[in-house]
Amino acid sequence: MTDDQYPPLPPMTTGPAGKCPRCGQGTIFKGFISLKERCDVCGLDLTFADAADGPAFFVMLIASVPVLGIVLWLILGVGMSYWLTAILTVPLIIIFAILPLRPVKGWLVASQYFHKAEQGKLDNQD
Ligand SMILES: [Zn+2]
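For clarity, every value in this text was computed on a predicted model and none was experimentally measured. (Residues numbered from 1 in each chain as written. Predicted model: local features only at pLDDT ≥ 70, side-chain atom pairs only at ≥ 80, totals over all residues. Heavy atoms only, no water.)

With respect to the coordination of the zinc ion
Here is step 1 of the chain: Around the zinc ion, the donor atoms from the protein are C20 (SG), C23 (SG), C39 (SG) and C42 (SG), and they sit 2.3 Å away.
Here is step 2 of the chain: Each of the four donor atoms around the zinc ion contributes to a set of angles spanning 105 to 114°, which defines the coordination as tetrahedral.
Here is step 3 of the chain: Each donor residue of the zinc ion belongs to the same chain, with the gaps between them written as C-x2-C-x15-C-x2-C. Of this pair, C23 sits in the loop between helix 1 (11–14) and helix 2 (54–78) while C42 sits in the loop between helix 1 and helix 2, and the two are 19 residues apart along the sequence.
Here is step 4 of the chain: On the basis of relative accessibility, which here comes to 13%, the residue C23 falls in the buried class.
Here is step 5 of the chain: When its relative accessible area of 15% is taken as the criterion, C42 is described as buried. (Donors = N, O, S within 2.8 Å, 3.2 Å for Na, K, Ca; no water. Tetrahedral: all angles 85-135°; square planar, octahedral: opposite > 155°, others 65-115°. Helix = DSSP H or I, 4+ residues; strand = E, 2+ residues; numbered from the N terminus. Buried < 20%, exposed > 50% of the residue type's maximum accessible area, 1.4 Å probe, protein only.)

A short note on the side chain of T85
Here is step 1 of the chain: For T85, the position within the fold is in helix 3 (residues 82–98).
Here is step 2 of the chain: Ignoring any residue separated from it by four or fewer positions in sequence, one finds T85 in contact with V71, L74, I75 and M80. (Contact = heavy atoms within 4.5 Å.)

Side note on a nonpolar patch on the surface
Here is step 1 of the chain: Taken together, the side chains of F32, I33, V90, I94 and I98 define a hydrophobic patch exposed on the protein surface, amounting to about 400 Å² of accessible area.
Here is step 2 of the chain: Topologically, V90 is positioned in helix 3.
Here is step 3 of the chain: A relative accessible area of 45% means that V90 is categorised as partly exposed. (Patch = residues over 30% accessible without salt bridge, like charges linked within 9 Å, V, L, I, M, F, W, Y side chains within 5 Å. Areas by Shrake-Rupley, 256 points an atom, 1.4 Å probe, with all protein chains shown as cover. Salt bridge = Lys/Arg side-chain N within 4 Å of Asp/Glu carboxyl O.)

Quick look at the structure:
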């Protein structure tokens, strides 16, 4: 089946759940954030997907603000010692920086498929 035979699925419905951006049924991950080569259900070739460091960038951008705010509040507001603050913030870093990587990567892969994003090409190359 070709892409035209599937209804377009919004990236926010398939990506964060790790579902195939074309059929919405199969999964795209084989590990925590490594991608399968193709969808088990519709056979979509997932080698087009290259999120690169996009997921890490977005997660760091989103996670750094609340974690830094909490650290500053613990040290400056509460007066907590540095070592206790470090012990308490390691789980926060794991929660805010590592757990969102998979849904963000799924969303970026689904967005690449949905918007047909690919390498730029020159018109005069045949
Ligand atoms: Zn599929």
